[in-house]
Amino acid sequence: MSSTRDRILDAARQLLEKQGNAVPTMSAIARAAGISRQALYLHFADHAELLQALVAHLDDREQLQAGIAAVQEAGDAAGQIRAWAHMQTWHNPRIAAIARALDSTRHTDPSAAGAWRDRTSNRMRGALSIIQRLREEGRLHPTWTTAEAAALLSELTSFHVWDDLVTDAQIPPGRYIE
């Protein structure tokens with residue numbers, strides 16, 4: 001990745017973290033990165049592409065793949081669920097500002113909505129994989145469809161639930177994992 005692209009993504013992250021629940025404009029990101037808007041558009045076609053690249057950049061910087069590998073390597077589906085909850089306790093604090101900003105603006109900003117959908121679709125694929133394994137192990141109650149159980153797992157381990165429980169209700173991360 002080019003150093004200019006990294007600088008743009010790092011500037012966008014810093015702005016998101018500083019601004020709280022507001023997604024910065026392309027102009028603000030360009031200023032923060034020390035480049036022109038035109039130069040910014042040479043790297044990202046639009047705001048949506050930049051936000052999706054930012055989320056991927058953040059996942060890379062915060063070593064999300066290591067957490068996913070731990071989930072995949074767990075001995076059984078229950079272990080995968082525990083590994084996923086554990087991953088939340090170390091990954092979510094690192095992405096909290098960005099997740100909150102995307103979530104708060106996704107209903108009014110199509111770019112934020114696209115980045116949010118990208119994340120949630122990835123989470124759903126992970127949940128679906130775990131639930132399929134749970135079913136194969138004979139540990140999923142027969143009244144639950146795979147889709148229903150995957151949706152439940154995805155929501156119970158979502159950023160919202162983690163944030164509400166750990167940040168707002170001040171439930172310790174270890175207790176969240178339990």
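Since the model is a prediction, treat every value here as computed from it, not as a measurement. (Residues numbered from 1 in each chain as written. Predicted model: local features only at pLDDT ≥ 70, side-chain atom pairs only at ≥ 80, totals over all residues. Heavy atoms only, no water.)

1. A word on the overall build of the protein
A count of helices and strands for the protein gives 10 helices and 0 strands. Its helices and strands taken in sequence order, the protein reads α-α-α-α-α-α-α-α-α-α from the N to the C terminus. Dimensions along the principal axes, computed over C-alpha positions, put the protein at roughly 55 × 30 × 30 Å. Considering only contacts within the protein whose residues lie at least 6 apart along the sequence, 64% involve residues at least 24 apart. Here the protein displays about 9500 Å² of accessible surface, and carbon together with sulfur accounts for 53% of that area. With 19 positive and 21 negative side-chain charges, the protein shows a separation of 3 Å between the mean positions of the two kinds. (Helix = DSSP H or I, 4+ residues; strand = E, 2+ residues; numbered from the N terminus. Contact = heavy atoms within 4.5 Å. Areas by Shrake-Rupley, 256 points an atom, 1.4 Å probe, with all protein chains shown as cover. Lys, Arg positive; Asp, Glu negative; His and termini not counted. Charge placed at Lys NZ, Arg CZ, Asp CG, Glu CD.)

2. Focus on the side chain of Thr-105
Locating Thr-105 in the fold gives a position in helix 6 (residues 77-105). If we skip the residues at most four places from it in the chain, Thr-105 touches Asn-21, Ala-22, Val-23 and Ala-112.

3. Focus: the pattern of salt bridges
Within this structure, the stated rule accounts for 12 salt bridges. A salt bridge links Arg-61 to Asp-10; its shortest N-O distance comes to 2.9 Å. Of this pair, Arg-61 sits in helix 4 (residues 47-61) while Asp-10 sits in helix 1 (residues 3-19), and the two are 51 residues apart along the sequence. For Asp-10, a relative accessible area of 24% gives the class partly exposed. Between Arg-119 and Asp-59 there is a salt bridge, and its shortest N-O distance comes to 2.1 Å. (Salt bridge = Lys/Arg side-chain N within 4 Å of Asp/Glu carboxyl O. Buried < 20%, exposed > 50% of the residue type's maximum accessible area, 1.4 Å probe, protein only.)

4. Quick notes on the confidence of the model for the protein
Looking at the protein as a whole, the pLDDT averages 90, with 99% of positions reaching at least 70. Mean pLDDT across the secondary structure elements of the protein bottoms out at helix 4, with 85, and peaks at helix 8 (residues 146-156), with 95. (pLDDT = per-residue confidence, 0-100.)

5. A look at the packing of helix 1 against helix 2 (residues 26-33)
Running from amino to carboxyl end, helix 1 crosses helix 2 at an angle of 115°, the nearest separation of the two axes being 8 Å. Judged on the interaxial angle alone, helix 2 and helix 1 are roughly perpendicular. In terms of crossing hand, the pair formed by helix 1 and helix 2 is right-handed. Here Arg-7, Ile-8, Ala-11, Ala-12 and Leu-15 of helix 1 lie close against helix 2, whose contacting residues are Ala-28, Ile-29, Ala-32 and Ala-33. Of the residues in the contact of helix 1 with helix 2, the class split is 8 nonpolar, no polar and 1 charged. (Axes fitted to C-alpha atoms, helices over the stretch in contact; angles between N-to-C directions. Parallel < 35°, antiparallel > 145°, perpendicular 65-115°, else oblique. Left-handed = near helix turned anticlockwise from the far one by under 90°. Nonpolar A, V, L, I, M, F, W, Y, C, P; charged D, E, K, R; others polar.)

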